[in-house]
Amino acid sequence: MLGRLFRSLFRPAKQRSPHRPTYSPQPPVTPLPPRKVSGGSGPDRTPPTQILKGKAYVVDGDTLVISGTKIRISGIDAPELHHPWGKKSKFAMIQMCKGQIVTAHIQEEVSYDRIVAKCYLADGTDLAAELVKQGLALDWPRFSGGAYRHLEPEGIRKKHWRANAKQQGKLKPSEM
């Protein structure tokens, strides 16, 4: 048994057959017309350049996948799945997105191999705002310019102390 485990750990990676094509679907992306952007800070400082629409697969409270594209929801910080409230945040996002078409307004930033976007449901509901209102995510002023801070329930930063400490740079990467 130990030998089988050892062989499986050190076996060379399988090579793809040159006769089997690989398929990577390209997400439908719609360019937006150029618009003027006013100065100042906040989420509207950099205009989105593309829109991605489709049904969403929820990874965690602030990450979605639409048409094979991993998206980080802009301006908020939801607890990680292994942190307190992380799973509740994910399931709230699942309930909001279930059976819905999500529209992602892609921004120029990239965060841990994910594109960053403001995400909306077909009725105009801002997913980030809803999670913050429900107390399942925090506004991240560094990226939102404080756009969602007024929606945070009282005392929520104590409840999500890890996310709050991460935003303030008080957590080591090994503690996140």
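Residues numbered from 1 in each chain as written. Predicted model: local features only at pLDDT ≥ 70, side-chain atom pairs only at ≥ 80, totals over all residues. Heavy atoms only, no water.

Peer 1: Give a description of the pattern of salt bridges that names residues and reports values.
Peer 2: Summed over the entire model, instances satisfying the criterion amount to five salt bridges. Here E130 ties to K133 by a salt bridge, and the two come within 3.2 Å at their closest N and O atoms. Placement of both E130 and K133 in helix α3 (residues 127-133) is noted, with a separation of three residues, approximately one turn of the helix. Of the residues examined, E130 reaches a relative accessible area of 21% and is grouped as partly exposed. Between R149 and E152 there is a salt bridge, and its shortest N-O distance comes to 3.4 Å. On the accessibility criterion, R149 (43% relative accessible area) is partly exposed. A network of salt bridges, in which partner residues are shared, links D62, R72 and D77. (Salt bridge = Lys/Arg side-chain N within 4 Å of Asp/Glu carboxyl O. Helix = DSSP H or I, 4+ residues; strand = E, 2+ residues; numbered from the N terminus. Buried < 20%, exposed > 50% of the residue type's maximum accessible area, 1.4 Å probe, protein only.)

Peer 1: Describe the packing of aromatic side chains, and please don't skip the residues or the numbers.
Peer 2: Each aromatic ring pair is described using two quantities: the centre-to-centre distance and the angle formed by the ring planes. The final tally for this structure, using the stated rule, is one aromatic pair. Positioned over the ring face of W85 is K159, at 3.7 Å from the centre of the ring. (Phe/Tyr/Trp six-rings, centres within 6.5 Å; stacked < 30°, edge-to-face > 60°. Lys NZ or Arg CZ within 6 Å of the ring centre and 35° of its normal.)

Peer 1: Outline the environment of D62, supporting the account with residue identities and numerical values.
Peer 2: Inspection of the secondary structure puts D62 in the loop between β3 (56-60) and β4 (63-66). Here D62 falls in the buried class, since its relative accessible area comes to 3%. Residues contacting D62, with those up to four places away along its chain left out, are I71, R72, I73, I76, D77, A78 and R114. Reaching out from D62, the side chain makes a polar contact with the backbone nitrogen of A78 at a distance of 3.1 Å. (Contact = heavy atoms within 4.5 Å. Polar contact = N/O pair within 3.5 Å; in protein donor to acceptor, adjacent residues only side chain to side chain.)

Peer 1: Would you mind going over helix α2 (residues 86-97) in detail, with residue names and values included?
Peer 2: Taking 1.5 Å as the rise per residue, α2 with twelve residues should run 16 Å; its terminal C-alpha atoms sit 17 Å apart, in good agreement. Within the span of α2, buried status applies to G86, S89, K90, A92, M93, M96 and C97. Across the axial projection of α2, the buried residues extend over an arc of 160°, all falling on one side. Pointing more than 90 degrees away from the buried face of α2 are the exposed residues K87 and Q95. Of the surrounding elements, those touching the buried residues of α2 are β3, β4, β5 (69-73), β7 (102-111), β8 (114-121) and α3. Within two residues after α2, G99 carries a phi angle of roughly 70°, on the positive side. (Expected span 1.5 Å × (residues − 1). Arc of directions from axis to C-beta.)

Peer 1: For the nonpolar core, give the residues involved together with the corresponding values.
Peer 2: Soluble, globular proteins show a tendency: their nonpolar side chains are buried together. Counting residues in hydrophobic clusters, the biggest one holds 26 residues, and the most contacted among them are L64, M93, C119 and L127. Counting residues per element, the ones that place at least two in this core are β4, β5, α2, β7, β8 and α3. (Core = buried A, V, L, I, M, F, W, Y, C linked by side-chain atoms within 4.5 Å.)

Peer 1: Let's hear about the pairing of β3: which residues, and what values?
Peer 2: Sheet topology places β3 next to β4; four bridges connect them, and they run antiparallel. Residue A56 lies in a different strand from β4, and its bridge partner there is I66. In textbook terms, the turn of a hairpin is the stretch between consecutive antiparallel strands, and for β3 and β4 this stretch comprises two residues. (Pairing = 2+ DSSP bridges.)

Peer 1: Lay out the pairing of β7 in plain terms, naming residues and giving numbers.
Peer 2: Taken together, the five bridges between strand β2 (residues 50-54) and β7 define a ladder with antiparallel strand orientation. Within β7, the position partnered with I51 by the bridge is H105. Across seven bridges, the pairing between β7 and β8 is antiparallel. Each residue of the ladder has a partner; that of S111, found in β8, is R114.

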